[in-house]
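This is what each chain is made of:
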Amino acid sequence: MKIKNSTITFWFQKQNNPKVYVDKLNSILKEHFFEFNILAVPANIDPVIPRLTAVSNSDHSNIQISLINAKLLTNFDDHYSENIDLCIDYLKNRALKLYEALMSCNINIVYSAIFINLEERDDYAVEKIRTHFLKMDENKKINEIGIRLTDIVDDKFYRIVSFNNSKQVKIEKVFKGDNDEIVFPLISLNDASEIENYLNVSLEFNDRLLFNLDSNYSTNEDELVKLFDLITEQLRKEMQRFR
């Protein structure tokens with residue numbers, strides 16, 4: 001199973017004008033990211049839409065800052081995707097730097113979340129998930145399956161683990177006449193030249209529980225490091241779960 005991508009999100013109270021922080025953000029994050037772009041977004045548009053964006057020097061990550069959160073989004077290539085330690089070290093280093101940058105702007109982080117998506121090509125993904133989690137008639141034909149589990153860890157954190165199957169479809173079809181628009185709900189899998197089946201596992205750890213229990217709570221660096229410890233431990237389990 002490979003680590004496909006990750007999203008780390010820092011949530012904060014609404015900032016009316018994030019562009020005033022650009023110089024400070026650029027200064028602290030310059031080791032890993034190019035300078036931020038300021039997006040011309042009207043003030044009355046959804047506050048979750050990014051106002052600032054920056055791309056990493058390696059082009060594997062980008063940062064998106066809206067009025068209410070900052071996201072570090074990362075895609076892993078084959079040099080990293082099967083190595084948990086490399087992936088976590090990469091994420092942890094940049095997430096802590098982004099956290100430092102936000103704190104230097106006096107942006108208080110009310111809670112944080114680390115999400116990691118795993119995948120593996122597997123023609124028996126549905127059967128593996130069904131067998132592992134469900135007691136069902138073995139003759140029942142299941143085409144799609146998805147399971148989401150949420151529990152509490154150390155009376156502080158939410159752990160969310162999701163399992164599902166997915167398909168990647170390649171279609172090579174010649175359209176005749178004037179109607180050459182591709183509308184996916186109207187494309188038959190019979191037209192697919194290739195269908196790949198995947199087993200997907202998604203992990204998330206967050207400290208939203210602490211914020212739910214105390215509206216004055218804010219993520220400190222120790223809690224952020226703890227989230228990385230927890231998701232690293234869970235990654236090791238999930239990489240081997242279906243072996």
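The structure under discussion appears in the preceding block.
Since this is a predicted model, take the numbers as computed values, not measurements. (Residues numbered from 1 in each chain as written. Predicted model: local features only at pLDDT ≥ 70, side-chain atom pairs only at ≥ 80, totals over all residues. Heavy atoms only, no water.)

1. Quick look at the overall build of the protein
Thought 1: Looking only at helices and strands, the protein has 5 helices and 9 strands in total.
Thought 2: C-alpha extents for the protein along the principal axes are approximately 55 × 55 × 35 Å.
Thought 3: In the protein, the share of contacts with a sequence separation of at least 24, taken over all contacts with a separation of at least 6, comes to 67%.
Thought 4: Carbon and sulfur atoms make up 46% of the accessible area of the protein, which totals about 14,000 Å².
Thought 5: If you average the places of the 30 positive and of the 38 negative side-chain charges in the protein, the two averages end up 2 Å apart. (Helix = DSSP H or I, 4+ residues; strand = E, 2+ residues; numbered from the N terminus. Contact = heavy atoms within 4.5 Å. Areas by Shrake-Rupley, 256 points an atom, 1.4 Å probe, with all protein chains shown as cover. Lys, Arg positive; Asp, Glu negative; His and termini not counted. Charge placed at Lys NZ, Arg CZ, Asp CG, Glu CD.)

2. A look at the pairing of strand 3 (residues 52–55)
Thought 1: Of the strand pairs in this sheet, strand 2 (residues 37–38) and strand 3 are connected by 2 bridges, and their pairing is antiparallel. Bridging from a neighbouring strand, Asn-37 pairs with Thr-53 of strand 3.
Thought 2: Bridging between strand 3 and strand 4 (residues 61–65) involves 4 bridges; their strand directions are antiparallel. Looking at the pairing, Val-55 lines up with Asn-62 of strand 4. (Pairing = 2+ DSSP bridges.)

3. Considerations on the nonpolar core
Thought 1: By size, the foremost hydrophobic cluster in this structure holds 61 residues, and its most contacted members are Ile-3, Phe-10, Phe-36 and Ile-116.
Thought 2: Per-element tally for this core: the top contributor is helix 2 (residues 84–104), with 10 residues.
Thought 3: Leaving out residues up to four positions away in the same chain, Ile-116 has contacts with Ile-3, Asn-5, Ser-6, Ile-88, Leu-91, Val-201, Ser-202, Leu-203, Ile-231 and Leu-235. (Core = buried A, V, L, I, M, F, W, Y, C linked by side-chain atoms within 4.5 Å. Buried < 20%, exposed > 50% of the residue type's maximum accessible area, 1.4 Å probe, protein only.)

4. Examining helix 2
Thought 1: Over its 21 residues, helix 2 extends 30 Å from the first C-alpha to the last, a length consistent with the 30 Å expected when each residue adds 1.5 Å.
Thought 2: Tucked into the core, helix 2 has its buried residues touching strand 1 (2–12), helix 1 (22–29), strand 4, strand 5 (69–75), strand 6 (109–121) and helix 5 (221–238).
Thought 3: Backbone nitrogen of Asp-85 and a side-chain oxygen of the N-cap are separated by 3.1 Å at the start of helix 2; the cap is Asn-83.
Thought 4: One or two steps after helix 2, the chain reaches Asn-106, where phi turns positive at roughly 60°. (Expected span 1.5 Å × (residues − 1). Polar contact = N/O pair within 3.5 Å; in protein donor to acceptor, adjacent residues only side chain to side chain.)

5. Some remarks on unusual backbone geometry
Keep in mind that most residues, glycine aside, have a negative phi and that most peptide bonds are trans.
Thought 1: The phi angle at Asp-59 is positive, at roughly 70°, despite the residue not being glycine.
Thought 2: Along the chain, the position of Asp-59 falls in the loop between strand 3 and strand 4.

6. Let's talk about the pattern of salt bridges
Opposite charge on two side chains allows them to pair when their charged atoms are near.
Thought 1: Applying the stated criterion to the full structure yields 12 salt bridges.
Thought 2: With a shortest N-O distance of 3.2 Å, Arg-121 and Glu-196 are connected by a salt bridge. Of the two residues, Arg-121 sits in strand 6 while Glu-196 sits in strand 9 (residues 192–206), which places them 75 residues apart along the sequence.
Thought 3: The salt bridge involving Glu-127 is made with Arg-130; its shortest N-O contact spans 2.6 Å. In this pair, Glu-127 and Arg-130 are both assigned in helix 3 (residues 125–133), 3 residues apart and thus about one turn of the helix distant.
Thought 4: Relative accessible area serves as the criterion here: at 38%, Glu-127 is assigned to the partly exposed category.
Thought 5: Note on Arg-130: relative accessible area 5%, which makes it buried. (Salt bridge = Lys/Arg side-chain N within 4 Å of Asp/Glu carboxyl O.)

7. Considerations on helix 3
Thought 1: Taken together, the buried positions of helix 3 are occupied by Ala-125, Val-126, Ile-129 and Arg-130. An end-on view of helix 3 places all buried positions within 125° of arc, on one side of the element. (Arc of directions from axis to C-beta.)

8. Here we look at the pairing of strand 1
Thought 1: Where strand 1 and strand 6 come together, 10 bridges link them in antiparallel fashion. Paired with Lys-2 across the bridge in strand 6 is Glu-119.
Thought 2: Of the pairings in the sheet, the one linking strand 1 to strand 5 comprises 7 bridges and is antiparallel in character. Opposite Thr-7, over in strand 5, you have Leu-73 as the bridge partner.

9. Observations concerning a nonpolar patch on the surface
Thought 1: On the surface, Ile-45, Val-48 and Ile-49 cluster together into a nonpolar patch covering about 190 Å² of accessible area.
Thought 2: By the element assignment, Val-48 lies in the loop between strand 2 and strand 3.
Thought 3: In this structure Val-48 comes out as partly exposed when scored by relative accessible area, which is 33%. (Patch = residues over 30% accessible without salt bridge, like charges linked within 9 Å, V, L, I, M, F, W, Y side chains within 5 Å.)

10. A closer look at the packing of helix 2 against helix 5
When two helices pack together, their arrangement is given by the angle between their axes and by how far apart the axes lie.
Thought 1: One way to put it is that helix 2 packs onto helix 5 with a least axis distance of 11 Å and a crossing angle of 160°. On the basis of the axis angle, helix 2 is roughly antiparallel to helix 5. By crossing handedness, the relation of helix 2 to helix 5 is classed as right-handed. Residues Ile-84, Asp-85, Ile-88, Leu-91, Lys-92, Ala-95, Leu-96 and Tyr-99 of helix 2 touch helix 5, and the partners they reach there are Glu-221, Leu-224, Val-225, Phe-228, Ile-231, Thr-232, Leu-235 and Arg-236.
Thought 2: Of the residues in the contact of helix 2 with helix 5, the class split is 11 nonpolar, 1 polar and 4 charged. (Axes fitted to C-alpha atoms, helices over the stretch in contact; angles between N-to-C directions. Parallel < 35°, antiparallel > 145°, perpendicular 65-115°, else oblique. Left-handed = near helix turned anticlockwise from the far one by under 90°. Nonpolar A, V, L, I, M, F, W, Y, C, P; charged D, E, K, R; others polar.)

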